[in-house]
Amino acid sequence: MAAASRGTSGPARPASLRCGDTYAQLAAGFGIGIATAYRYMREAIEVLATLAPTLTEAMESIQTKAFVILDGTLLPQSIQR
């Protein structure tokens, strides 16, 4: 992922994850090749997956929250102890 800090390709990562742009659209928009856009997205997804909690960790964390957001939907959480 060092390539992201060298040029303009870094913004392609969050832009695609947020907007759902195709690799061709990202490549054209950031002036990079389609293969490079694909590689950057795979790298970004790998980093996010590494940082994400396990299902068990997420479920334990949810139990301490008043609400959670799942796929952009606010879900009230009834706390039962």
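Now for a quick tour of the structure. (Residues numbered from 1 in each chain as written. Predicted model: local features only at pLDDT ≥ 70, side-chain atom pairs only at ≥ 80, totals over all residues. Heavy atoms only, no water.)

**A few points about the overall build of the protein chain**
Looking only at helices and strands, the protein chain features five helices and two strands. Expressed as a percentage of the 81 residues in the protein chain, the buried residues total 21%. Within the protein chain, counting contacts between residues at least 6 apart in sequence, those at least 24 apart form 25% of the total. For the protein chain, the exposed area adds up to about 6,000 Å²; of that, 60% sits on carbon and sulfur atoms. (Helix = DSSP H or I, 4+ residues; strand = E, 2+ residues; numbered from the N terminus. Buried < 20%, exposed > 50% of the residue type's maximum accessible area, 1.4 Å probe, protein only. Contact = heavy atoms within 4.5 Å. Areas by Shrake-Rupley, 256 points an atom, 1.4 Å probe, with all protein chains shown as cover.)

**Description of helix H4 (residues 34-51)**
For H4, built from 18 residues, the straight-helix expectation of 26 Å at 1.5 Å per residue is met to within 8% by its first-to-last C-alpha distance of 26 Å. Those residues of H4 that fall on the buried side of the exposure criterion are Ala37, Tyr40, Met41, Glu43 and Ala44. Angularly, the buried residues of H4 cover 160° about the axis, an arc narrow enough to put them on a single face. Projecting away from the buried face of H4 at angles above 90 degrees are the exposed residues Ile34, Ala35, Glu46, Ala49 and Thr50. (Expected span 1.5 Å × (residues − 1). Arc of directions from axis to C-beta.)

**Looking at the pattern of salt bridges**
Taken as a whole and assessed by the stated rule, the structure comprises one salt bridge. Among the salt bridges present, the one from glutamate 43 reaches arginine 39, with a minimum N-O distance of 3.5 Å. Linking glutamate 43 with arginine 39, this pair stays in helix H4, spanning four residues, or about one helical turn. On the basis of relative accessible area, arginine 39 is assigned to the partly exposed category, the value being 40%. (Salt bridge = Lys/Arg side-chain N within 4 Å of Asp/Glu carboxyl O.)

**Considering the packing of aromatic side chains**
Tallied over the entire structure, the rule returns one aromatic pair. The interplanar angle of 70° and the centroid separation of 5.2 Å between the aromatic rings of tyrosine 23 and tyrosine 38 together place this pair among those described as edge-to-face. Here tyrosine 38 lies in helix H4 and tyrosine 23 lies in helix H3 (residues 23-30), a separation of 15 residues in the sequence. (Phe/Tyr/Trp six-rings, centres within 6.5 Å; stacked < 30°, edge-to-face > 60°.)

**With respect to the packing of H3 against H4**
For the pair H3 and H4, interaxial distance at closest approach is 8 Å and the crossing angle is 110°. As summarised for this structure, H3 and H4 are arranged roughly perpendicular, according to the angle between their axes. Touching Tyr23, Ala24, Leu26 and Ala27 of H3 are Ile34, Ala37, Tyr38, Met41 and Arg42, all from H4. Its residues placed into classes, the contact of H3 with H4 shows eight nonpolar, no polar and one charged. (Axes fitted to C-alpha atoms, helices over the stretch in contact; angles between N-to-C directions. Parallel < 35°, antiparallel > 145°, perpendicular 65-115°, else oblique. Nonpolar A, V, L, I, M, F, W, Y, C, P; charged D, E, K, R; others polar.)

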